[in-house]
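# Close look at the chain arrangement
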Amino acid sequence: MAGKNEISSAIKVVREKIEAATKRRPDNFPGIEPTLVAVSKTKPVDMIIEAYSCGIRHFGENYANELLEKAQDSQVLENCKDIRWHYIGQFQTKNIRKLLGLQNLHMIETLQSEKNATFLNSTWERLTKPGKLQVMVQVNTSGEDNKNGCPPENASDLVKFVLEKCPHLQFCGLMTIGAYGYDTSKGPNPDFLRLVSCKELVVSNLGLDSSQMGLSMGMSTDYEHAIELGSTNVRVGSIIFGAREPPKKNVLPVSTVENQVVQGTFKRLQ
Ligand SMILES: *Cc1c(COP(=O)(O)O)cnc(C)c1O
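Residues numbered from 1 in each chain as written. Predicted model: local features only at pLDDT ≥ 70, side-chain atom pairs only at ≥ 80, totals over all residues. Heavy atoms only, no water.

Looking at an unreviewed UniProt entry, one finds the protein chain named Pyridoxal phosphate homeostasis protein and attributed to Pinctada imbricata. Quoted verbatim from the Function (unreviewed entry) field of UniProt, the annotation for the protein chain is "Pyridoxal 5'-phosphate (PLP)-binding protein, which may be involved in intracellular homeostatic regulation of pyridoxal 5'-phosphate (PLP), the active form of vitamin B6." Regarding the protein chain, the relevant UniProt record gives this comment under Cofactor (unreviewed entry): "pyridoxal 5'-phosphate". (UniProt positions renumbered as here; feature names shortened; annotations may be inferred.)

## A word on the UniProt feature "modified residue: N6-(pyridoxal phosphate)lysine" (unreviewed entry) in the protein chain
Following the UniProt record, one finds the feature "modified residue: N6-(pyridoxal phosphate)lysine" (unreviewed entry) at Lys-41. On the secondary structure map, Lys-41 appears in the loop between β1 (35-39) and α2 (45-53). Here Lys-41 is in contact with Gly-60, Glu-61, Asn-62, Tyr-63, Glu-66, Lys-70 and Arg-244, once residues within four sequence places are set aside. (Helix = DSSP H or I, 4+ residues; strand = E, 2+ residues; numbered from the N terminus. Contact = heavy atoms within 4.5 Å.)

## Looking at the site of the ligand
Residues in close proximity to the ligand include Val-39, Lys-41, Asn-62, Ile-88, Ile-177, Met-219, Ser-220, Arg-235, Val-236, Gly-237, Ser-238 and Arg-244, which together make up its full environment. The separation between a nitrogen atom of the ligand and a polar side-chain atom of Arg-235 is 2.9 Å. One nitrogen or oxygen atom from the side chain of Arg-244 is found 2.8 Å from an oxygen atom belonging to the ligand. Tallied by class, the residues present in the shell around the ligand amount to five nonpolar, four polar and three charged. (Near = heavy atom within 4 Å. Polar contact = N/O pair within 3.5 Å; in protein donor to acceptor, adjacent residues only side chain to side chain. Nonpolar A, V, L, I, M, F, W, Y, C, P; charged D, E, K, R; others polar.)

Written out as structure tokens, the structure is:
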């Protein structure tokens, strides 16, 4: 687990690399400066507080209940008054409803359908909070069934819907996760290229200002590359906070173990 000094030196390195990658962008790049979103999922709140003390303000979580807990943690509330939470997880109405009440929720990055947009718009309206709810539209650039997001060809219609039919939402750009483990020595990541062309299409179809439209792409292994291609929002987790525990898939749920013990089939205990 990354200690205090490791977190602060990792952040320093990431910031330097972000700055350098930003300079490598084409000269005429219309652009918003990249925001570093530190992805703190599965990591304890003291690490969040440490990263905050190093100047990080944007944090990303992709489990709604975990975000809910961390955002309301008394230490976090006391030490991180200006924290801005990004929800980057799966869009589940039931869970997201709870998030919208959080005072420091900054953005929902994973809106993927008109239904999602309608839900967010009406829920936000009822909460009567100041300002609009900032959202990004998630696009499934890799076309994988297990990835969320709207198909790239539907992005213009969905963005149009948000802009025209959702007065309580502020559209901030497009987001992708993309295929994992792409080898960048093979050239630019096709997911990033697809998100960029998706943006260009949306901009031209709807007559938008390209410099106002963000792109959320790039994680620990490829954020520099993503910035060179136009990312304005990189979601970086493990290189700041250390590797995460793999999900415990092979551990039997307690109830199963108990049943086996009861039935006398749990070999090790016999
Ligand atoms: C976990 C996660 C990240 C961060 O991944 P790292 O490889 O740890 O940088 C970024 N985006 C999403 C949507 C994630 O779930």
